[in-house]
Amino acid sequence: MSAGPSSTSDAGAAAGSIAQTDLAQMLAGLQVDVREGEYVYASTSDARSPLRELAVATVTENEGLTCVLRRADADAQGVKYDFVAAWLTLRVHSALEAVGLTAAFSRALTRHGIPCNVLAGFYHDHLLVPADRCDEAVAALHSLRGEAGV
């Protein structure tokens, strides 16, 4: 048997975390954590940019490296930005192949007119929503627990 790419990780196995695929179960147990601080987006194509080191999340795109930065770090570097976000983490270990969770939280936020940018991690989905609407977004997401039977 050859060793190849896997959709599991040693950290997940050690933590005893089992990825869920059942939407009703995911919604019923949905918890939302708010990461401290405010976050902004920036982009760089400079391989030596300090943004690379300051980034708390990155996405490589053809146009450059998208960096999610703490607002304070962006301000200290003189980075221009438009969108100031709160960082929400969905505390449900959804399987990468799970169907419906993204659609469910997108619908909940859309009903309230709340913009959302999504970063999918191995263990959790992370949502960046307008900082001034953080509490409203958390309430909208928690309302999904009542829709678990849908």
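Residues numbered from 1 in each chain as written. Predicted model: local features only at pLDDT ≥ 70, side-chain atom pairs only at ≥ 80, totals over all residues. Heavy atoms only, no water.

(A) Up close: the sheet that holds strand E4 (residues 84-90). Spatially, six strands are ordered E2-E3-E1-E4-E6-E5 in an open sheet, and the strand pairing comes out antiparallel. The sheet is open, and its two edges are formed by strand E2 (57-61) and strand E5 (117-120), each paired on a single side. Strand-to-strand twist across the sheet, computed as the mean angle between neighbouring axes with direction ignored, equals 30 degrees. Relative to strand E6 (residues 125-130), E4 runs antiparallel, the two sharing five bridges. Across the sheet, alanine 85 pairs through a bridge with proline 130, a residue of E6. Across the sheet, helix H5 (residues 101-111) lies against E4, E5 and E6, angled at about 15 degrees from E6, the strand it touches most. Across the sheet, helix H6 (residues 134-142) touches strand E1 (32-44), E4 and E6, and the angle it forms with E4 is around 25 degrees. (Pairing = 2+ DSSP bridges. Helix = DSSP H or I, 4+ residues; strand = E, 2+ residues; numbered from the N terminus. Axes fitted to C-alpha atoms, helices over the stretch in contact; angles between N-to-C directions. Contact = heavy atoms within 4.5 Å.)

(B) Spatial organisation of the environment of glutamate 97. Relative to the assigned elements, glutamate 97 resides in the loop between E4 and H5. Placed 76 residues apart in sequence, glutamate 97 and threonine 21 show a C-alpha to C-alpha distance of 7.2 Å.

(C) Fine view of the pattern of salt bridges. Per the stated rule, a full pass over the model turns up three salt bridges. With its nearest N and O atoms 3.0 Å apart, the salt bridge here joins glutamate 136 to arginine 133. Glutamate 136 sits in the partly exposed class, given a relative accessible area of 33%. (Salt bridge = Lys/Arg side-chain N within 4 Å of Asp/Glu carboxyl O. Buried < 20%, exposed > 50% of the residue type's maximum accessible area, 1.4 Å probe, protein only.)

(D) Inspection of the pairing of E1 at higher detail. Summarising the sheet, E1 and E4 pair through six bridges and their orientation is antiparallel. Residue tyrosine 39 lies in a different strand from E4, and its bridge partner there is alanine 85. Sheet analysis places E1 next to strand E3 (residues 64-70), joined by six bridges and oriented antiparallel. Directly across from serine 43, in E3, lies its bridge partner threonine 66.

(E) Structural detail: the nonpolar core. Judged by nonpolar contacts, the single largest core of 22 residues is most densely connected at Leu88, Leu90, Leu109, Leu127, Val129, Leu141 and Leu144. Breaking this core down by element, the ones donating at least two residues are helix H2 (23-28), E4, H5, E6 and H6. Among all residues touching leucine 90, those that are not within four sequence positions of it are Leu30, Gln31, Val32, Phe105, His124, Asp125, Leu127 and Leu141. Leu51, Leu69, Ala74 and Val84 belong to the second largest nonpolar core, which has nine residues in total. (Core = buried A, V, L, I, M, F, W, Y, C linked by side-chain atoms within 4.5 Å.)

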